[in-house]
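Listed here are the chains, written in short residue letters.
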Amino acid sequence: MMVDPTLAEMGKNLNEAMKILEDGRNASEPHADRRQFSRSSIPGPLQGDGQDVASILQLVQNLMHEDEEEDKPSHRMQNVGEQGHMALLGHSLAAYISVLDRERLRKLITRIASDTTLWLCRLFRYESGSAYYHEDDREGLLKVCRLVINARYEDYSTEGYTVLNSRQPVIYQSATCRPGLGQHLCSQLGLPLSSLCTVPCNTMFGSQHQMDVALLDKLIKEDVETGKLPLLLVANAGTPGAGHTDKLGRLKELCEQYGMWLHIEGVNLATLALGQVSSPVTAATRSDSMTLTLGPWLGLPAVPAVTLYRHEDPALSLAAGLTSSQPVEKLRALPLWLSLQYLGHDGIVEKIRHAAELSQQLLEKLKTLASIKTSVEDELNSPVVVFRFSQETSAESSGGSVEGYFAGEREVLDTLNRWLCERLAQLVPASGVDIVELEDEGTCVRFTPLMTAAALGTQRCDVDLLVERLTELVPVLNCTLRLRLDFREEVYRHSALSYIEDLSWPGLGAVRYEPRIEEMNDRKRQLEVEKINGELLVKLGDLDADLIFSTGPEFGPEKDCIFIGMAMEDLDVPELVDTIAALGRDIEENGRLLENMTEVVRKGIQEAELQLQKDNQEKLMEEGVLRQIPLVGSVLNWFSPFQSTVKGRTFNLAAGSLDSTEPTYSMKAQTGGLASPETPTSSAKRLPGQRLFRREGAGGSDSHSETSSVGHAEDLSREGVPQPSTPTPPSPVPDEVVSGGPESPETSQVPVEPEPTQEGSEVGTQEGEQSMEEEERQSEGQEATGEAPVEEMGR
């Protein structure tokens with residue numbers, strides 16, 4: 001078989017290029033070199049000699065990965081397999097084929113377009129259809145609208161938009177359609193927004209995500225009576241949010257009744273390729289047109305979307321832009337033509353079936369989980385699974401009712417579900433779950449394997465891992481939801497703390513420490529609050545606890561607050577709030593002490609100067625004038641020394657007062673004030689290994705035995721008693737002590753001399769004299785009983 005050398009070289013170069021571009025983390029090239037190369041590639045003048053292919057591809061790779069950092073994991077890119085390489089090769093071939101001569105190009109593109117259209121119509125059961133290939137998935141519907149306008153208004157091609165004034169066209173769409181779709185159509189077609197009619201969904205009967213057919217019929221009748229022309233209806237076979245399918249059979253009958261065009265789009269259209277298809281989706285084969293997005297369904301990059309339509313007038317199709325006389329535009333189908341041939345019929349069906357099986361697997365497992373509520377249209381065949389953490393089922397599982405336990409519960413549940421989806425996406429990135437906002441249910445987690453499984457390579461093990469992680473996160477959500485009220489009530493019990501109501505925070509809540517000084521102005525108070533809460537956040541972060549403390553959302557409305565993250569079952573909320581208040585109070589008092597230190601020192605220095613002047617005057621009066629003469633004073637002091645009665649002074653920074661130095665010289669030791677009692681903390685009551693803010697007896701604290709608790713208490717008691725530096729010689733003790741009788745002052749151990757204090761210096765001296773007398777009486781008693789006393793050093 002002869003092969004075009006250009007095609008062979010193109011395929012080889014594509015494989016080499018893909019290897020270079022897919023190697024985003026090339027180990028042979030350091031990050032620093034790559035970033036330096038990227039920085040040097042700022043647009044500038046072209047090089048005179050040009051660059052080779054390898055250098056250009058290296059530049060593209062650097063531009064793709066220039067924002068990545070070494071300490072952050074790389075984003076998971078689409079799994080581009082062999083079928084993806086075929087799609088990329090199609091774009092290269094399209095450029096090469098476009099340079100062929102006109103006759104060969106016409107024959108080739110006719111074969112490619114006809115083959116691709118025939119395969120798609122057979123695959124998705126759309127008989128006698130034509131195909132339009134487009135990059136923007138809204139472009140097909142736009143061209144269909146132009147086709148319908150040309151068909152319903154005969155003079156539109158000659159008179160233009162003036163013929164629309166006779167009967168205004170109306171386009172109907174469901175309230176669950178893609179946001180902005182109707183506005184885009186009106187903008188591109190030059191129609192006023194009054195030509196767009198949004199049909200509400202069911203409110204009493206049927207799915208709340210399906211179009212209300214009875215109401216649609218009423219709206220069409222009203223438009224016809226007012227002289228308007230019903231033009232087109234956009235229905236869903238899988239809504240963008242919940243994946244529900246409209247009642248396509250009844251909608252088709254209604255469109256035939258009023259002469260309207262029925263266009264269908266949605267992810268559920270992919271199931272038309274399966275052997276067994278649900279009846280609501282099967283009705284889509286009777287529609288006038290439908291849009292297929294094969295790229296996400298089959299994991300094909302850069303392939304166009306396809307709009308299949310039925311119309312017998314090729315002139316109107318050409319006028320609407322559904323067909324083109326330019327051969328190059330028909331080459332859009334080439335990437336899809338290559339990919340469909342590579343996958344084959346069985347490969348395409350297998351990919352779609354695999355995605356549908358993943359949805360059923362997740363749905364079956366979610367039924368066994370408490371506190372999880374699913375929202376699917378058909379439990380037996382639903383390619384889209386939507387679920388959320390539900391407050392109602394959580395009340396049943398916890399044995400109590402939490403309904404209406406605080407205002408804004410809907411917002412809190414939406415916030416928790418948003419946190420749940422973000423955590424699941426981080427823990428199981430191959431699952432492809434995302435957040436969806438539904439009007440009735442609120443914030444939900446959506447699993448759409450038809451749109452993500454082929455690109456991410458999702459397997460059954462990924463679904464099992466998703467359910468496992470969800471099982472671990474549900475108890476955290478239940479505990480946090482239940483303890484939010486307890487946390488708020490505990491904060492209200494502390495006057496120094498303010499509870500911050502932030503319904504968008506997924507956690508226990510937010511709190512702010514308020515300083516107790518009332519004389520501050522607003523600016524100074526704001527700075528003080530910012531300083532105290534900043535230091536408090538640092539101290540809380542250093543604690544050995546399972547909670548996460550942060551400043552909250554970056555662009556949140558509340559500032560200078562401490563936001564507390566998700567809570568566990570054994571969280572001791574009172575202890576947590578007490579600790580926050582105690583740490584805040586300590587920070588405030590320490591800051592106040594530092595602020596007052598300057599004033600205290602200044603006043604102390606002034607008082608010390610006055611005392612020194614007074615003492616100098618008293619000393620001068622006591623010594624007399626003769627002792628002040630240099631030579632006479634020295635001789636006089638030698639013959640008759642003078643004892644001054646002036647006492648020294650010491651400045652106490654803590655008390656801010658001048659004290660006498662007499663106790664220091666009398667006891668020959670520096671005296672200090674009474675030590676302030678430390679704030680009792682729960683660390684002394686905590687068992688070894690038990691973390692902060694956990695209730696005793698919950699979690700891992702049950703594993704500690706009484707022996708370990710007692711031993712720990714003994715260790716704490718020993719730490720409070722100073723031990724002698726050298727061993728003391730053994731001394732005989734009376735029989736009463738050995739027998740365990742009551743101790744007497746004579747048989748007690750030698751007491752440890754306490755640290756002298758300012759008030760208790762005399763008491764300490766008396767206790768020392770009493771202990772010496774007791775030792776002398778003991779030695780005399782030993783000599784009287786005939787026992788030899790222990791010889792002491794130095795005797």
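Residues numbered from 1 in each chain as written. Predicted model: local features only at pLDDT ≥ 70, side-chain atom pairs only at ≥ 80, totals over all residues. Heavy atoms only, no water.

## Digging into the overall build of the protein
When its secondary structure is counted, the protein shows 25 helices and 17 strands. Taken across its 795 residues, the protein has 40% of its residues classed as buried. By sequence separation, contacts in the protein at least 24 residues apart represent 69% of the contacts at least 6 residues apart. (Helix = DSSP H or I, 4+ residues; strand = E, 2+ residues; numbered from the N terminus. Buried < 20%, exposed > 50% of the residue type's maximum accessible area, 1.4 Å probe, protein only. Contact = heavy atoms within 4.5 Å.)

## Regarding the packing of helix α6 (residues 139-152) against helix α8 (residues 181-189)
Running from amino to carboxyl end, α6 crosses α8 at an angle of 55°, the nearest separation of the two axes being 10 Å. Accordingly, the angle class assigned to the pair α6 and α8 is oblique. In the crossing of α6 with α8, the sense of the turn from one axis to the other is right-handed. Taking contact as the criterion, the partners of L141, L142, C145, R146 and I149 in α6 are, on α8, L181, L185, Q188 and L189. Residues belonging to the contact of α6 with α8 are distributed by class as follows: 7 nonpolar, 1 polar and 1 charged. (Axes fitted to C-alpha atoms, helices over the stretch in contact; angles between N-to-C directions. Parallel < 35°, antiparallel > 145°, perpendicular 65-115°, else oblique. Left-handed = near helix turned anticlockwise from the far one by under 90°. Nonpolar A, V, L, I, M, F, W, Y, C, P; charged D, E, K, R; others polar.)

## Observations concerning the packing of aromatic side chains
As enumerated under the stated definition, the model contains 5 aromatic pairs in all. Grouping aromatic residues by their ring pairs yields a cluster made of F487, Y492 and Y499. Of note, R310 hangs over the ring of Y126, and the distance from its end group to the ring centre comes to 3.8 Å. (Phe/Tyr/Trp six-rings, centres within 6.5 Å; stacked < 30°, edge-to-face > 60°. Lys NZ or Arg CZ within 6 Å of the ring centre and 35° of its normal.)

## Side note on helix α5 (residues 102-123)
Here α5 contains 22 residues, and its C-alpha end-to-end distance of 31 Å stays within 8% of the 32 Å for a straight helix at 1.5 Å per residue. Within α5, the full set of buried residues consists of L105, I109, I112, D115, T116, T117, L120, C121 and L123. Looking one or two places after α5, you find R125, whose phi comes out positive at around 60°. (Expected span 1.5 Å × (residues − 1).)

## Observations concerning the pattern of salt bridges
This model, assessed by the stated rule, comprises 18 salt bridges. With its nearest N and O atoms 2.7 Å apart, the salt bridge here joins R446 to D434. A residue pair is termed long-range when its members are at least 10 positions apart, and R446 in strand β11 (residues 442-447) and D434 in strand β10 (residues 434-438) qualify at 12 residues. A residue is classified by how much of its surface remains accessible, and R446, at 14% relative accessible area, is buried. A relative accessible area of 29% means that D434 is categorised as partly exposed. Taken together, the salt bridges that share partners define one network made up of D137, R178 and E265. (Salt bridge = Lys/Arg side-chain N within 4 Å of Asp/Glu carboxyl O.)

## Quick notes on the confidence of the model for the protein
In low-pLDDT segments, the atomic positions of the prediction should not be examined closely. The predicted model of the protein has a mean per-residue pLDDT of 76, with 69% of residues at 70 or higher. Every residue in residues 778-795 is under pLDDT 50, and counting partners more than four places away or in other chains gives 7 contacts. (pLDDT = per-residue confidence, 0-100.)

## Notes on a nonpolar patch on the surface
On the surface, I629, L631, V632, V635, W638 and F639 cluster together into a nonpolar patch covering about 680 Å² of accessible area. Tracing the backbone through its elements, the reader meets V632 in helix α21 (residues 630-639). (Patch = residues over 30% accessible without salt bridge, like charges linked within 9 Å, V, L, I, M, F, W, Y side chains within 5 Å. Areas by Shrake-Rupley, 256 points an atom, 1.4 Å probe, with all protein chains shown as cover.)

## Considering α6
Under the 1.5 Å per step criterion, the end-to-end length of α6 is 20 Å for 14 residues, consistent within 8% with the ideal 20 Å. Across the 14 residues that make up α6, a large majority, 10, are buried. Residues of α6 that are buried: G140, L141, L142, K143, V144, C145, L147, V148, I149 and N150.

## Description of the pairing of strand β9 (residues 385-389)
Here β9 lies mainly inside the structure; 5 of its 5 residues are buried. Neither face of β9 is left uncovered, since the one carrying V385, F387 and F389 and the one carrying V386 and R388 both have all their residues buried. Pairing of strand β8 (residues 372-374) with β9, which is carried by 3 bridges, proceeds in the antiparallel orientation. The partner of T374 across the bridge, within β9, is F387. Here β9 pairs with β11 via 3 bridges, running antiparallel. Its bridge partner lying in β11, F387 is registered against V445. (Pairing = 2+ DSSP bridges.)

## What about the sheet that holds β8?
The 4 strands lie next to each other as β8-β9-β11-β10, forming an open sheet whose pairing is antiparallel. Bordering the open sheet on either side are β8 and β10, each of which pairs with just one other strand. Strand-to-strand, the axes of this sheet are offset by a mean angle of 40°, without reference to chain direction. Seen against the sheet, helix α14 (residues 334-366) touches β8, β9 and β11 and runs at an angle of roughly 30° to β9.

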